[in-house]
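Take a look at the letters that make up each chain.
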Amino acid sequence: MSNSSSITEFLLLAFADTRQLQLLHFWLFLGIYLAALLGNGLIITAVACDHRLHTPMYFFLLNLSLLDLGSISTTVPKSMANSLWDSRAISYSGCTAQVFFFTFLFVAEYCVLTIMAYDRYVAICQPLHYGTLLGSRACVHMAAAAWGSGFLYAVLHTANTFSLPLCQGNAVDQFFCEIPQILKLSCSRSYLREVGLLVLSACLAFGCFVFILFSYVQIFRVVLRIPSDQGRHKAFSMCLPHLAVVSLFISTATFAYLKPPSISSPVLDLVVAVLYSVVPPAVNPLLYSMRNQELKDALRKMMNGCFSETIFPGFFCRAFTM
């Protein structure tokens, strides 16, 4: 028997036992990680550099990309390193940091997605009030509230989770440190306190989901009344990427945390964790750029400028600010 005071490291769930499959996992995660870095990095650079994208919608998209970069960087590099070096270990402090940062970024991202739904609702359903309701100061305050909510939530849950006595060993049945998996190691009924907090959090998350759903019901009612095909296409191009991102984020996370114990298994938990923690940060840039002509134009202009910079030094800075 062990307790939390004697645990100095945790053992994460390995993706494979054979060396060949471990290396395959390393290269697969490396490809996904680089794709996430490239896609989100391009969006951040384009929004920051192109003055035409200095609008509330793209400001929140920039925040979403920053959160995606942080989220995938919290879990994937350590998993890659363990596969490369044939290890499962993560230090106690490293596990604590993973729980804190992943919870912080995950909650902040959900808050930003909720704010983005509000932004789309005001833009389409109340366009005359858009400048008033979503001025620059209001956008900054909402973004700060999202990041602050994630931080406070992470502090509360991380402190509560790691204050529990752990006596069920140190093997975590997940490829990163996750609160439900840490709770399984607890030997005290005080873990019910953390379960209660998770249930309360789920209720708050459901409230945000209802708000997002209500926003899109109103949006689609307005869009379907737009007489011109061009107007409907523009409205859908603004909303569908966000709706796809929200659907992927909520469906996978909900299944991961609320699935019945009867269907739980290490393999299923692993697949679902990859779907909600690894796939969205890599796929979100593609979803947002696929139907967004403004963003595609900005990225194309930026890429052309980078190409010109390699041939004519100094041209990029002049061209991109014209």
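Residues numbered from 1 in each chain as written. Predicted model: local features only at pLDDT ≥ 70, side-chain atom pairs only at ≥ 80, totals over all residues. Heavy atoms only, no water.

1. What about the state of the cysteines?
Here's step 1: Enumeration according to the criterion identifies one disulfide in this entry.
Here's step 2: Note that C95 is cross-linked by a disulfide to C177, the S-S spacing being 2.0 Å. Looking down the S-S bond of the C95 and C177 bridge, the torsion is -125°, so its handedness is left-handed. With a gap of 82 residues between them, C95 in helix α3 (residues 92-125) and C177 in the loop between α5 (136-162) and α6 (179-183) connect regions that are remote in the sequence. By the burial criterion, C95 is buried, and C177 matches it. (Disulfide = S-S within 2.5 Å. Helix = DSSP H or I, 4+ residues; strand = E, 2+ residues; numbered from the N terminus. Buried < 20%, exposed > 50% of the residue type's maximum accessible area, 1.4 Å probe, protein only.)

2. Let's talk about the nonpolar core
Here's step 1: Residues F60, L61, L113, M116, F175 and Y276 are the most contacted members of the largest nonpolar core, which totals 68 residues.
Here's step 2: Of all the elements, α3 adds the most residues to this core, at 17 residues.
Here's step 3: Not counting chain neighbours up to four residues away, the residues in contact with L61 comprise I43, M116, Y288 and L295.
Here's step 4: Residues V99, L166, V172 and L185 belong to the second largest nonpolar core, which totals 15 residues. (Core = buried A, V, L, I, M, F, W, Y, C linked by side-chain atoms within 4.5 Å. Contact = heavy atoms within 4.5 Å.)

3. Description of the packing of helix α1 (residues 19-49) against helix α2 (residues 56-84)
Here's step 1: For the pair α1 and α2, interaxial distance at closest approach is 9 Å and the crossing angle is 160°. As summarised for this structure, α1 and α2 are arranged roughly antiparallel, according to the angle between their axes. As for how α1 packs across α2, the hand of that crossing is left-handed.
Here's step 2: Split by residue class, the contact of α1 with α2 holds 22 nonpolar, seven polar and two charged. (Axes fitted to C-alpha atoms, helices over the stretch in contact; angles between N-to-C directions. Parallel < 35°, antiparallel > 145°, perpendicular 65-115°, else oblique. Left-handed = near helix turned anticlockwise from the far one by under 90°. Nonpolar A, V, L, I, M, F, W, Y, C, P; charged D, E, K, R; others polar.)

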